[in-house]
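Working through the structure, step by step
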Amino acid sequence: DDPTVVAGLVRAEDAWGHVSEQRLSIWDFLERDTAAKRCSITSEVAAALPFDFWGGYVGYLGYGLKAECGGEPSCPASDMPDAALFLADRVVVFDHKMDDVYVVAIANSACRSSAEEWMHSTAARLHSLSSSTTDRLPEAEEERPLQRYFQPQPVATSAVPDEHGYSNQFNGKPKVAPVVVRSNGTAPLSKGARAAVVQMRARHSRKQYMQNVRECLQALHDGESYELCLTTTFTGTAVRSAWDCYQILRRINPAPYGAWLSFGDGGPEVCCSSPERFLRGGRGRTLEAKPIKGTAKRSPDPTEDAALAAELQASEKNRAENLMIVDLLRNDLGRVCDPGSVHVPALIALESFATVHQLVSTVRGRRRADATAVQAIRAAFPGGSMTGAPKLRSMQILDRLEGGPRGVYSGCIGFIGLNDTFDLNIVIRTAVFSGGRVTIGAGGAVVIASTPEEEYEEMHLKAAPLLHAVGATVLDA
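We now turn to the structure provided with this report. (Residues numbered from 1 in each chain as written. Predicted model: local features only at pLDDT ≥ 70, side-chain atom pairs only at ≥ 80, totals over all residues. Heavy atoms only, no water.)

Let us look at the overall build of the chain. Secondary structure summary: the chain contains 10 helices and 25 strands in total. For the chain, the residues scored as buried account for 56% of the 477 residues in total. Of the contacts made within the chain by residues no fewer than 6 positions apart, 76% connect residues no fewer than 24 positions apart. Summing over all exposed atoms, the chain offers an accessible surface of approximately 20,400 Å²; the carbon and sulfur share of this is 51%. (Helix = DSSP H or I, 4+ residues; strand = E, 2+ residues; numbered from the N terminus. Buried < 20%, exposed > 50% of the residue type's maximum accessible area, 1.4 Å probe, protein only. Contact = heavy atoms within 4.5 Å. Areas by Shrake-Rupley, 256 points an atom, 1.4 Å probe, with all protein chains shown as cover.)

Quick look at helix α10 (residues 452–469) now. Taking 1.5 Å per residue as the helical rise, α10 with its 18 residues ought to reach 26 Å, and the 27 Å between its terminal C-alpha atoms agrees with that figure. Looking only at α10, the buried set comprises Pro452, Glu455, Tyr456, Glu458, Met459, His460, Lys462, Ala463, Pro465, Leu466, Leu467 and Ala469. Phi for glycine 471, located one or two positions after α10, is positive at around 70 degrees. (Expected span 1.5 Å × (residues − 1).)

Before going further, it helps to examine the nonpolar core. Ranked by size, the top nonpolar core spans 46 residues in total, and within it Trp27, Leu61, Phe278 and Phe422 carry the most contacts. Leave out the neighbours within four places in its chain, and tryptophan 27 touches Leu61, Leu65, Glu68, Cys69, Val374, Ile377, Arg378 and Phe381. Membership of the second largest hydrophobic core comes to 37 residues, among which are Cys216, Ala442, Ala469 and Val470. (Core = buried A, V, L, I, M, F, W, Y, C linked by side-chain atoms within 4.5 Å.)

The next subject is the side chain of glutamate 458. The topology assignment puts glutamate 458 in helix α10. Its relative accessible area of 10% is what places glutamate 458 among the buried residues.

For the rest of this paragraph, the subject is the environment of isoleucine 428. Within the fold, isoleucine 428 resides in the loop between β22 (422–425) and β23 (430–434). Residue class for isoleucine 428 comes out buried when judged on its relative accessible area of 5%. Setting aside its immediate chain neighbours within four residues, isoleucine 428 contacts Cys272, Ser273, Ser274, Pro275, Glu276, Met386 and Tyr409.

Topologically, alanine 306 is positioned in helix α6 (residues 302–314). The spatial distance from the C-alpha of alanine 306 to the C-alpha of histidine 357 is 9.8 Å, given a sequence separation of 51 residues.

This paragraph deals with the pairing of strand β24 (residues 437–446). Across the 10 residues of β24, 8 count as buried, placing the element largely inside the fold. Here strand β12 (residues 227–237) pairs with β24 via 10 bridges, running antiparallel. Residue threonine 231 lies in a different strand from β24, and its bridge partner there is glycine 443. The sheet contact formed by β23 and β24 spans 4 bridges and is antiparallel. (Pairing = 2+ DSSP bridges.)

The next thing to look at is the environment of aspartate 28. With respect to the secondary-structure elements, aspartate 28 resides in helix α1 (residues 26–36). Overall, aspartate 28 belongs to the partly exposed group, its relative accessible area being 40%.

With that settled, consider empty space enclosed by the protein. Under the counting rule described, the total for this entry stands at 9 cavities of 30 Å³ or more. Its volume calculated, the largest cavity comes out at about 150 Å³. Listing elements by their share of the lining of the largest cavity, those giving two or more residues are β17 (292–297), β24 and α10. Looking at the lining of the largest cavity, the element that brings in the most residues is β24, giving 6 residues. (1 Å grid on protein atoms, 1.4 Å probe; cavity = no way out; pocket = protein on both sides within 12 Å on 5 of 7 lines; lining within 4 Å. Points joined across faces, edges and corners; volume = space filled by probe spheres on them.)

Here the focus is the side chain of threonine 231. With respect to the helices and strands, threonine 231 occurs in strand β12. Ignoring anything within four residues of it in the chain, the contact list for threonine 231 reads His204, Tyr209, Met386, Glu402, Arg406, Tyr409, Ala442 and Gly443.

Below, the discussion takes up helix α9 (residues 391–402). If you check α9, its first and last C-alpha atoms are 16 Å apart, about what 12 residues at 1.5 Å a residue would give, namely 16 Å. The complete set of buried residues in α9 reads Lys391, Ser394, Met395, Ile397, Leu398, Leu401 and Glu402. When α9 is viewed along its axis, its buried side chains cluster within an angular range of 165 degrees and face the same direction. Looking at the buried side of α9, the elements it contacts are α4 (206–221), β12, α7 (316–334), α8 (373–380) and β20 (388–389). Backbone geometry just after α9 places glycine 403 at a positive phi near 70 degrees. (Arc of directions from axis to C-beta.)

A few words on the pattern of salt bridges. Two side chains of opposite charge can pair, provided their charged atoms sit close to one another. Scanning all chains against the criterion turns up 24 salt bridges. A salt bridge links lysine 37 to aspartate 33, with the shortest nitrogen-to-oxygen separation between them at 2.6 Å. Classification of aspartate 33 by relative accessible area gives buried; the value is 3%. Each of Arg277, Glu288, Arg364 and Asp423 takes part in salt bridges that share partners, so that together they form one network. (Salt bridge = Lys/Arg side-chain N within 4 Å of Asp/Glu carboxyl O.)

Turning to the packing of α1 against α8, a few remarks are in order. Two elements in contact, α1 and α8, have axes separated by 9 Å at closest approach and are oriented at 160 degrees. When the interaxial angle is binned, α1 and α8 end up roughly antiparallel. With respect to the hand of their crossing, α1 and α8 are arranged in right-handed fashion. Taken together, the residues of α8 that come into contact with α1 (itself represented by Trp27, Asp28, Leu30, Glu31 and Thr34) are Val374, Gln375, Ile377 and Arg378. (Axes fitted to C-alpha atoms, helices over the stretch in contact; angles between N-to-C directions. Parallel < 35°, antiparallel > 145°, perpendicular 65-115°, else oblique. Left-handed = near helix turned anticlockwise from the far one by under 90°.)

What follows is about the packing of aromatic side chains. Aromatic ring pairs are described here by two measures, namely the spacing of the ring centres and the angle between the planes. Across all of its chains, the model carries 9 aromatic pairs by this definition. Considering the side-chain rings of tryptophan 243 and tryptophan 260, the 4.9 Å spacing of their centres and the 70 degrees angle between planes classify their relative orientation as edge-to-face. Residue tryptophan 243 is located in helix α5 (residues 242–252), and its partner tryptophan 260 is located in strand β13 (residues 257–262); the two are separated by 17 residues in the primary sequence. Look at tryptophan 243 and you get partly exposed, because its relative accessible area is 27%. Of the residues examined, tryptophan 260 reaches a relative accessible area of 9% and is grouped as buried. (Phe/Tyr/Trp six-rings, centres within 6.5 Å; stacked < 30°, edge-to-face > 60°.)

Next up on the list: unusual backbone geometry. Note that the residue after phenylalanine 381, namely proline 382, is joined by a cis bond; omega there is -15 degrees. With respect to the helices, strands and loops of the structure, proline 382 is situated in the loop between α8 and β20. You will see that isoleucine 348, though not glycine, has its phi angle at about 55 degrees, which is positive. Among the structural elements, isoleucine 348 can be located in strand β18 (residues 343–352). A residue is classified by how much of its surface remains accessible, and isoleucine 348, at 8% relative accessible area, is buried. Even without a glycine there, the phi angle at arginine 429 is positive, about 50 degrees. Looking at the element boundaries, arginine 429 is found in the loop between β22 and β23.

Have a look at this one:
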């Protein structure tokens, strides 16, 4: 019950409630554990799976882990774990585009029969659901590559996937039975969810936030940074459930890198509608980042909406924001990529979402053979679009101005697979529920052309869908 956060403490809880603790970096833990559990799979089976996640760690890496990536510890520290992950060794994958369902299990030789039994029983349950839904499920198990299992390479330790899997949470109290749902479907809201209202208080009032923007501008003029991603936090009592909040978000602000995470009784729950990819590691050691910088509201009027998009694309300020982060990410990827492989196939392209237009670039490279997936993530963490450039000095300035931890916000959510792949988002457009409270982070990049008024309005524009989803009114706005 000790709430003290100890830097470098990894606590792991297995399916039976057994807890172990190790004093090491989360990055070192992931490096060691993914290597020990690395999947061995034939090329034929790999080709039959049109997705990269076959099992591995799923969860979040919070912004506070910057302290293990060259940055300074957040002060004060977040009251939530700096990272929370669980090992998913049994996975049901819904391919909504092709209308297919896959059942995948990771097993060593000792757990093979149990894994096969689970796959067959799960497939049977899915077929039984098909009789009560209009969604098509596979008509025959043998027609899909779902009766496959992936055997970890032999290792000289006992750190192989347990028969029932186990969950992990880092730098915080272990929680029981975490659950993750990432689904294109929606469910009915619970009774009373639509009427729920919460008053949320911003960490910084309008006056304080605008003063922080002015101090960022002064730091830019003084040559301490080129760009600073300033943020603030809204906090209030949770009156809607995290699941209800996520269902609302899926309706009003669908996004390609959304997620819902629940880490058991008393653990944090994360409702994310992020449009931004932090970093993806695909097969063949490919790396891809898709930073977003430049945001404009949308309009229900098609003519006005097109004009707003065109104005965003022509904005020198927004293009400068984007270009500086692209340069930062080229440098981050260059630390782990083959020389000459880092390139930018899409620079400052317009992408439109339900509530906003955004400018998105794509940076790619090929990871060196001697660089691991975890090393690649660590080299780029936290995402440059949430810090500014240069990264380390910018984070120092932002820590001083923001006066509190970002927590899960500005970190990343996704998976780190046991097949040398990963896919992680940037945690923006996200509500975090913990201890009866709900927290929302929002912000924007400050450059020389910024004005305090415009930065404040942009911050609220980004927070608006989340505030709506939790049913919030804002105090001290």
